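The primary structure of each chain is shown beneath.
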Amino acid sequence: MNTTERRKEILHILRQTDSPIAAKELAARFHVSRQVIVQDLAVIRASHTGIISTYRGYILQQESGCMREFKVRHGLEQTADELNIIVDCGGRVQNVSISHRVYGRITAELDIRSRQDVQEFMDTLCGSESTLLGSATSGYHYHLVEAAGEERLDLIEKKLKECGLLAPLSAWEKETC
């Protein structure tokens, strides 16, 4: 199989799956190195929008429902609670971002859809020497959340607020929203 055929097949695989697929899994399937797959995906992503890279692998972004960004604040000990609230209320955590005074907006894709995804994320985080992105901003961070409708997003907002996780927007954030 040549490079063009492999890239077409990778795109086909991404279109057929609804869960992230790791580069090492694709590498094993095509009998090439992980780095070859990463390079293939960089080329594919340049010409096909909607392919996102998550901590669990690559996935083709699905057609979205309603989306809302929530500003939250907490430490590591409340991370699983926060994410579980969102997925239990029918949300999908698309990403996490911070607004850093020096570096600006920094975003990382997550694609967390279930309690199992939350557990895998926490296992990965706790099994490494990495810290939460929000640790650079005293625990403040944002999640872009997708849900089937506004009522689900309202429920997520209500539950985050009840648990003391929802953070108020600063004056400068209200101006940009």
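Since this is a predicted model, take the numbers as computed values, not measurements.

Some thoughts on the side chain of Asp117
Thought 1: Topologically, Asp117 is positioned in helix H5 (residues 115-126).
Thought 2: A relative accessible area of 8% means that Asp117 is categorised as buried.
Thought 3: A distance of 3.0 Å separates the side chain of Asp117 from the side chain of Arg56, its partner in a polar contact.
Thought 4: With sequence-adjacent residues up to four places away left out, Asp117 is seen in contact with Tyr55, Arg56, Asp111 and Ile112.

Thoughts on the nonpolar core
Nonpolar side chains in soluble globular proteins tend to be buried together.
Thought 1: Residues Ile112, Phe121, Ile156 and Leu160 are the most contacted members of the largest nonpolar core, which totals 22 residues.
Thought 2: At the level of elements, strand E3 (66-73), helix H4 (79-88), strand E4 (92-100), strand E5 (104-112), H5, strand E6 (140-147) and helix H6 (150-162) are the ones that each hand at least two residues to this core.
Thought 3: The next biggest cluster of nonpolar side chains, apart from the first, holds 15 residues, and it includes Ile13, Ile21, Leu41 and Ile51.

Observations regarding the packing of H4 against H6
Thought 1: With their axes 9 Å apart at the nearest point, H4 and H6 run at an angle of 155 degrees to one another. Here H4 lies roughly antiparallel to H6, going by the angle between them. Handedness of the H4/H6 crossing: right-handed. Taking contact as the criterion, the partners of Glu82, Ile85 and Ile86 in H4 are, on H6, Ile156, Lys159 and Leu160.

Describing the sheet that holds E3
Thought 1: Pairing is antiparallel in the open sheet, where 4 strands are placed in the order E3-E6-E4-E5. Single-partner strands in this sheet number two, and they are E3 and E5. With direction set aside, neighbouring strand axes in the sheet form an average angle of 25 degrees.
Thought 2: Taken together, the 7 bridges between E4 and E5 define a ladder with antiparallel strand orientation.

Quick look at H6
Thought 1: With 13 residues, H6 should cover 18 Å at 1.5 Å per step; its first-to-last C-alpha distance of 18 Å lies within 8% of that length.
Thought 2: Taken as a whole, H6 has its buried residues at Leu153, Ile156 and Leu160. The buried residues of H6 occupy an angular sector of 55 degrees when projected down its axis, which confines them to one face. In H6, the exposed residues that point more than 90 degrees away from the buried face are Glu151, Lys161 and Glu162.
Thought 3: Against the buried residues of H6 lie E3, H4 and E6.
Thought 4: Looking one or two places after H6, you find Gly164, whose phi comes out positive at around 75 degrees.

Regarding the side chain of Thr79
Thought 1: Secondary-structure assignment places Thr79 in helix H4.
Thought 2: Setting aside residues up to four positions removed in sequence, Thr79 forms contacts with His74, Phe121, Met122 and Leu132.

Side note on H5
Each full turn of the α-helix corresponds to 3.6 residues, which orients residues three or four apart in the same direction.
Thought 1: Here H5 contains 12 residues, and its C-alpha end-to-end distance of 16 Å stays within 8% of the 16 Å for a straight helix at 1.5 Å per residue.
Thought 2: All buried positions along H5 are accounted for by Asp117, Val118, Phe121, Met122 and Leu125. In a view along the axis of H5, the buried residues occupy a sector of 135 degrees, so they form one face of it.
Thought 3: Next to the buried residues of H5 lie H4 and E5.

Rules behind the numbers
- Residues numbered from 1 in each chain as written.
- Predicted model: local features only at pLDDT ≥ 70, side-chain atom pairs only at ≥ 80, totals over all residues.
- Heavy atoms only, no water.
- Helix = DSSP H or I, 4+ residues; strand = E, 2+ residues; numbered from the N terminus.
- Buried < 20%, exposed > 50% of the residue type's maximum accessible area, 1.4 Å probe, protein only.
- Polar contact = N/O pair within 3.5 Å; in protein donor to acceptor, adjacent residues only side chain to side chain.
- Contact = heavy atoms within 4.5 Å.
- Core = buried A, V, L, I, M, F, W, Y, C linked by side-chain atoms within 4.5 Å.
- Axes fitted to C-alpha atoms, helices over the stretch in contact; angles between N-to-C directions.
- Parallel < 35°, antiparallel > 145°, perpendicular 65-115°, else oblique.
- Left-handed = near helix turned anticlockwise from the far one by under 90°.
- Pairing = 2+ DSSP bridges.
- Expected span 1.5 Å × (residues − 1).
- Arc of directions from axis to C-beta.

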